[in-house]
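Spelled out from the first residue to the last, the chains are:
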Amino acid sequence: IDLIQKIRSSGPSRRVGGGNRAGCALYPSRKMGFGIQAESINCELIFIRQCEHDNDVLELYDQPGRIWLECKTAGGRPNPRCHYPDFLILARHWAGWVECKTENELARREQKGDQQFIRGDDGGWISPQGGDYAARFGLVYRVWTDSKVNWVEHRNLNYLECYFTDVRSNLHDLAKKEVLLAVKKREGVALSHWLVRNVPHRKKSGVRAGSFYKCII
């Protein structure tokens, strides 16, 4: 649709700043071929990294522009609210806006009576106004929170990041054979334990840690 094409071709609608949150960042996306802005390294950046390695996510765009939500006051009177969603996502089976929040932030807003984000029937967070706006275009509006993070996976992806973004030549066949041979000799051993015993040190020979990590990805 025209709205999506406009977002795809126009770039971010604004530059993000850290504000009171835990610092902003620019993620070098291989999937998109350019940097993706994150307002927080403890929330949006984690979501971006998940999208980067999620094969169902085809494209993601940060700061796709403002939308107007049909909110109401406590007395029930119309109170339109200008809102800047964090991302527009184009996935294999859905497309729409995504707003990233921490569970703590949403809980505080809930205590204050904010109706922009409420709990759905399944206990997760939704935005009724965002959903209504998105439905006008045949899209969706989703609320992503840090409760959806697999922290073990996140730490592993963060640790291996430099190997994903390394543009140098791939691991040569001899190094791959050395890794596979070494692993077959000691199957079922934890990687950390294996590397302590087998990473080369000065005059000793062995398989380098970098070769292992390149094989993992």
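S.K.: I would appreciate a short explanation of the pairing of strand 2 (residues 34-38) in the present structure.
M.R.: For a regular strand, the rule is simple: side chains alternate between the two faces of the sheet. As defined by bridge partners, strand 1 (residues 25-29) adjoins strand 2 across five bridges and the pair is classed as antiparallel. Paired with Ser29 across the strands is Phe34, a residue of strand 2. What sits between strand 1 and strand 2 in their antiparallel hairpin is a turn of four residues, with Gly33 showing a positive phi close to 85°.

S.K.: Hey, could you run me through the sheet that holds strand 6 (residues 87-91) in this one?
M.R.: By way of backbone hydrogen bonds, the strands of a sheet pair with one another, either parallel or antiparallel. Ordered in space as 3-6-7-10, the four strands form an open sheet in which the pairing is mixed. Pairing within the sheet leaves two strands with one partner each, and these edge strands are strand 3 (57-62) and strand 10 (140-145). Neighbour-to-neighbour, the strand axes of the sheet open up by a mean angle of 30°, direction not taken into account. By the bridge criterion, five bridges tie strand 3 to strand 6 in an arrangement that is antiparallel.

S.K.: Is there a simple way to think about unusual backbone geometry in this case?
M.R.: Among all residues except glycine, the phi angle is most often negative; among peptide bonds, the trans geometry is most common. Even without glycine at this site, Gln63 takes up a positive phi of about 45°. With respect to the helices and strands, the residue Gln63 is situated in the loop between strand 3 and strand 4 (67-69).

S.K.: Got a minute to help me understand the confidence of the model for the chain in this structure?
M.R.: As a general rule, the predicted coordinates of low-pLDDT regions are not to be interpreted in detail. Residue-level pLDDT values for the chain average 85, and 87% of them are 70 or greater. The lowest-confidence element of the chain is helix 8 (residues 191-198), averaging 66 in pLDDT; the highest-confidence one is strand 6, averaging 98.

S.K.: What is the right way to read the packing of aromatic side chains from this model?
M.R.: Between two aromatic rings, the relevant description is the distance of the centres plus the angle of the planes. Across all of its chains, the model carries six aromatic pairs by this definition. When the ring of Phe34 is compared with that of Tyr61, the centres are 6.5 Å apart and the planes differ by 35°; the resulting orientation is tilted. With a gap of 27 residues between them, Phe34 in strand 2 and Tyr61 in strand 3 connect regions that are remote in the sequence. Looking at Phe34, the relative accessible area reads 38%, which means it is partly exposed. Taken together through their ring pairs, the aromatic side chains of Phe47, Phe87 and Trp144 make up a single cluster. Arg14 extends its terminal NZ or CZ atom over the ring of Tyr84, reaching a point 4.7 Å from the ring centre. Over the aromatic face of Trp94 sits the side chain of Arg142, whose NZ or CZ is 3.9 Å from the ring centroid.

S.K.: Honestly, the packing of helix 7 (residues 173-185) against helix 9 (residues 209-216) in this entry has me stumped. Any pointers?
M.R.: For any two helices packed against each other, one specifies the inter-axial angle together with the distance between the axes. Their axes nearest at 10 Å, the elements helix 7 and helix 9 cross at an angle of 90°. It follows from the interaxial angle that helix 7 and helix 9 lie roughly perpendicular. Contacts between helix 7 and helix 9 pair Ala175, Lys176, Val179 and Val183 from the former with Ser211, Phe212 and Cys215 from the latter. Per-class residue counts for the contact of helix 7 with helix 9 are five nonpolar, one polar and one charged.

S.K.: Explanation requested: helix 4 (residues 128-135) in the structure shown.
M.R.: Residues lying three or four places apart along an α-helix face the same way, a consequence of the helix completing one turn every 3.6 residues. Looking at helix 4, one finds that the buried residues are Gln129, Gly130, Tyr133 and Ala134. For helix 4, the buried positions fall inside an angular range of 130° around the axis, keeping them on one side. In helix 4, the exposed positions angled more than 90 degrees off the buried face are occupied by Asp132 and Ala135.

Calculation criteria
Counting of residues starts from 1 at the beginning of each chain's written sequence and follows it residue by residue. The predicted origin of the model limits local features to residues at a pLDDT of at least 70 and limits the giving and counting of side-chain atom pairs to 80 or more, whereas totals for whole chains, interfaces and linings rest on all residues. In computing side-chain properties, one takes all heavy atoms of the structure into account and sets aside hydrogens as well as water. In this scheme, strands are said to pair when DSSP sees at least two bridges between them. Segments assigned H or I by DSSP are reported as helices when at least four residues long, segments assigned E as strands when at least two residues long, and all are numbered from the N terminus. Every axis corresponds to a line fitted to the C-alpha atoms, with the helix fit spanning only the stretch in contact, and the corresponding angles, defined between N-to-C directions, vary from 0 to 180 degrees. pLDDT expresses, on a scale from 0 to 100, how confident the predictor is about each individual residue. Side-chain rings of Phe, Tyr and Trp (the six-membered ring for Trp) are treated as a pair once their centres are within 6.5 Å; stacked means planes under 30 degrees apart, edge-to-face means over 60, and tilted covers the remaining angles. Exposure classes here rest on a 1.4 Å probe applied to the protein chains alone. A residue is buried below 20% of its type maximum, exposed above 50%, and partly exposed in between. Counting as a charge over the ring demands two things of the Lys NZ or Arg CZ atom: a distance within 6 Å of the ring centre and an angle within 35 degrees of the ring normal. Orientation categories follow fixed angle ranges, with anything under 35 degrees roughly parallel, anything over 145 roughly antiparallel, 65 to 115 roughly perpendicular, and all other angles oblique. Any two residues having at least one pair of non-hydrogen atoms within 4.5 Å are treated as being in contact. Ten residue types, Ala, Val, Leu, Ile, Met, Phe, Trp, Tyr, Cys and Pro, are classed as nonpolar, four, Asp, Glu, Lys and Arg, as charged, and the remainder, Gly among them, as polar. To obtain the arc, one takes the directions from the helix axis to the C-beta atoms.

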